Amino acid sequence: MVKGHVQIFDTTLRDGEQVPGCKLDTQNKLIIAERLDELGVDVLEAGFPISSPGDFDSVVKISQLIKKSRVCGLTRAVKKDIEVAADALKYAKKSRIHTGIGTSDSHIKYKFNSDRESIIERAVAAVSYAKSFVEDVEFYAEDAGRTDNEYLARVCEAVIKAGATVLNIPDTTGYCLPHEYGAKIKYLKENVTGIDKAILSCHCHNDLGLATANSMAGVLNGARQIECTINGIGERAGNTSLEEVVMIMRQHPDLKLDTHINSKLLYSTSQLVSESMGMPIQPNKAVVGANAFAHSSGIHQDGVIKKRETYEIMDPKDVGVTESAIVLTARSGRAALAYRAKKIGFELDKLQLDKVYIEFLKVADQQKEVFDDDIPKIIEACGL
Ligand code: KIV
Ligand code: ZN
């Protein structure tokens, strides 16, 4: 059993905005940032200030606007990046610089043409420099998922000594299995001197569909921050989905893990991000997809009509969805038809329902879905 508060670090406006074709202008970013603040994210990664003048400007404006969340800016382990990020964040009520460098052998050799010791030196220099601007410095060990644990522990130890307050352990390529990622966090908890001075953070990508599972494995093994995005958007197959991890912790009180998120705003926030980015949500997306609370097979519909909990582990109202949907298709049964007919004012007795149901199936076999508008016509065709 693990206990504790898990910080939600939202990176919709940074990692999420790296999605091809989903670039947002500053105005849209401000609207989303304000909503994320209201949602209750602890940290809001507003952008990568050195990347473009537009991104710098967005980080400045978000810093000026945000009231509660800590505003964060990304940098590489490069002096100029850190100076620019510090400048962009100077108006924030609470700020954080997120700096880091690749630590896997593949990144060290192919990206940096360097060696392990020199990478530690660069990491320490970056954290120390960031610390000269802000108190709160998060360090990311890029590709930590494929970094050897012993070396990763040495990197973490060195950056904590330099003042890092948060250690981000990204599974940058989405390669880890949940038990491996969990074991990595546990290893760092147990083997890094000074680990009590810093928070371990999970930043998991979804290349194998394991981002949420890996983040949960991380917090179950002692991490206390999850980096995530609305609708799970992000590089390639995306990041950990904010709404998923929040609802997992909420629906499993036995885990004794909680967040500050107002879950009732999840659905509308998901819609806002999807519309602003022009990025549709897959209908079967957990928590916020159009079908997340829709029931179409007769057996399930009958159960949900009798007692919602038979086929739903979450109350749709808890995520801001008004009610569960009973969708009429050729797989629906009499209970669903009677339920929907009653909702629009037709109370059918057993004999009437038997008659209408036969007609209903004919229509349902022709159409993918039977809508409220079709029901009176079906009833009329039965001479009722
Ligand atoms: O996936 C990753 O490693 C990142 C870092 C820049 C934090 O996004
Ligand atoms: Zn990432």
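Sequence order as written defines residue numbering, which begins from 1 separately in each chain. As a convention, the first chain written is A and the first ligand written is 1, with the rest following in written order. Note on the predicted model: pLDDT of at least 70 is required for a residue's local features to be given, and 80 or more for side-chain atom pairs to be given and counted; whole-chain, interface and lining totals, by contrast, use all residues. Think of the side-chain values as coming from all heavy atoms in the structure, minus any hydrogens and water.

A few words on the overall build of the chain. Where helices and strands are cited, they refer to DSSP runs of H or I of at least four residues and of E of at least two residues respectively, numbered from the N terminus. Looking only at helices and strands, the chain has 14 helices and twelve strands in total. By principal-axis analysis of the C-alpha atoms, the chain measures approximately 85 × 40 × 35 Å. When each of the 384 residues of the chain is scored for burial, the buried share is 53%. Contacts in the chain between residues at least 24 apart in sequence constitute 73% of all its contacts with a sequence separation of at least 6. Accessibility here uses a 1.4 Å probe with only protein chains present; expressed as a share of the type maximum, an area under 20% marks a residue as buried, one over 50% as exposed, and anything in between as partly exposed. By definition in these notes, contact holds between two residues if any of their heavy atoms fall within 4.5 Å.

Glancing now at the pattern of salt bridges. A pairing counts as a salt bridge when a side-chain nitrogen of Lys or Arg comes within 4 Å of a carboxyl oxygen of Asp or Glu. Applying the stated criterion across every chain yields a total of 33 salt bridges. The salt bridge involving glutamate 135 is made with lysine 131; its shortest N-O contact spans 3.2 Å. Through salt bridges that share partners, Glu17, Lys23, Lys29 and Asp55 make up one connected network.

Coordination shells were defined by N, O and S atoms within 2.8 Å of each metal, extended to 3.2 Å for Na, K and Ca; water is absent from the atom set, which can make sites look incomplete. Within the protein, the atoms that donate to the zinc ion (ligand 2) are Asp15 (OD), His203 (NE2) and His205 (NE2), at distances of 2.0 to 2.1 Å. Take histidine 205: its relative accessible area is 4%, and that puts it in the buried class.

This part takes up the nonpolar core. Generally speaking, soluble globular proteins have nonpolar side chains that are buried together. Leu39, Leu44, Ile62, Phe139, Leu167, Ile169 and Leu242 are the most contacted members of the largest nonpolar core, which has 88 residues in total. Counting residues per element, this core draws most heavily on helix α6 (residues 149-161), at eight residues. Domain segmentation is taken from an automatic or database assignment of domains. The residue makeup of this core includes at least three contributed by each of domain 1 (7-277) and domain 2 (294-381). Residues in contact with isoleucine 62, not counting those within four places in the same chain, are Leu13, Lys29, Leu30, Ala33, Leu44, Ala46 and Val71. Residues enter a nonpolar core if they are buried and are Ala, Val, Leu, Ile, Met, Phe, Trp, Tyr or Cys, with the set joined through side-chain atoms within 4.5 Å.

Here the focus is the packing of helix α7 (residues 178-191) against helix α8 (residues 211-220). At a minimum axis separation of 8 Å, α7 and α8 run at an interaxial angle of 30°. By the angle between their directions, the pair α7 and α8 is classed as roughly parallel. Crossing angle aside, the handedness with which α7 passes α8 is right-handed. Residue-level inspection shows Pro178, Tyr181, Gly182 and Ile185 of α7 in contact with α8, the latter providing Ala213, Asn214, Ala217 and Gly218. For helices, the fitted line uses only the C-alpha atoms of the stretch in contact; every axis is such a line through C-alpha atoms, and the angle between N-to-C directions lies from 0 to 180 degrees. If an angle is under 35 degrees, it is roughly parallel; if it is over 145, roughly antiparallel; if it lies from 65 to 115, roughly perpendicular; otherwise it is oblique. Helix crossings fall into two classes, left-handed where the near helix is turned counterclockwise from the far one by less than a right angle and right-handed where it is turned clockwise.

Turning next to the domain arrangement of the chain. Split into domains, the chain comes out as domain 1 (7-277) and domain 2 (294-381). Computed from C-alpha atoms alone, the centre-to-centre distance between domain 1 and domain 2 is 44 Å. Values labelled buried area give the accessible surface lost by two parts on being combined, using a 1.4 Å probe and summing over both. Carbon and sulfur atoms supply 55% of the area buried between domain 1 and domain 2, which totals about 600 Å² over both sides. The largest per-residue losses of area from domain 1 upon contact with domain 2 belong to Gln251, Lys264 and Tyr267, which jointly make up 62% of the total buried on that side. Our count for the domain 1 to domain 2 interface comes out at one salt bridge. Arginine 250 is the partner of aspartate 318 in a salt bridge, and the nearest nitrogen-oxygen pair spans 3.2 Å.

What follows covers the packing of aromatic side chains. Pairs were defined over the aromatic rings of Phe, Tyr and Trp, the Trp ring being its six-membered one, requiring ring centres within 6.5 Å. Orientation was assigned from the angle between planes: stacked under 30 degrees, edge-to-face over 60, tilted for the rest. Enumeration according to the criterion identifies two aromatic pairs in this entry. Seen in terms of ring centroids, tyrosine 129 and phenylalanine 133 are 5.1 Å apart; in terms of plane orientation they differ by 90°. Their pairing is edge-to-face. The class for tyrosine 129 is partly exposed, based on a relative accessible area of 22%. Aromatic pair tyrosine 357 and phenylalanine 360: ring centres 5.8 Å apart, planes at 25°, arrangement stacked. With tyrosine 357 and phenylalanine 360 both in helix α13 (residues 350-366) and three residues apart, the pair spans about one turn of that helix. Taking relative accessible area as the criterion, phenylalanine 360 reaches 0% and is therefore assigned buried. The ring of tyrosine 129 carries the charged tip of lysine 79 above its face, separated from the ring centre by 4.9 Å. Geometrically, a lysine NZ or arginine CZ counts as sitting over a ring once it is within 6 Å of the ring centre and also within 35 degrees of the ring normal.

What follows covers the sheet that holds strand β3 (residues 43-47). Pairing between the strands of a sheet is mediated by backbone hydrogen bonds and can be parallel or antiparallel. A barrel is described by the order of its strands in space; here eight strands give the closed sequence β2-β3-β4-β5-β6-β7-β8-β9, paired in parallel fashion. The sheet shows a mean angle of 25° between the axes of neighbouring strands, taken without regard to direction. Seen against the sheet, α6 touches β6 (137-142) and β7 (166-171) and runs at an angle of roughly 150° to β7. On the sheet, α8 packs against β7, β8 (199-204) and β9 (225-228) and is oriented at approximately 170° with respect to β8. For two strands to be treated as a pair, DSSP must find no fewer than two bridges joining them.

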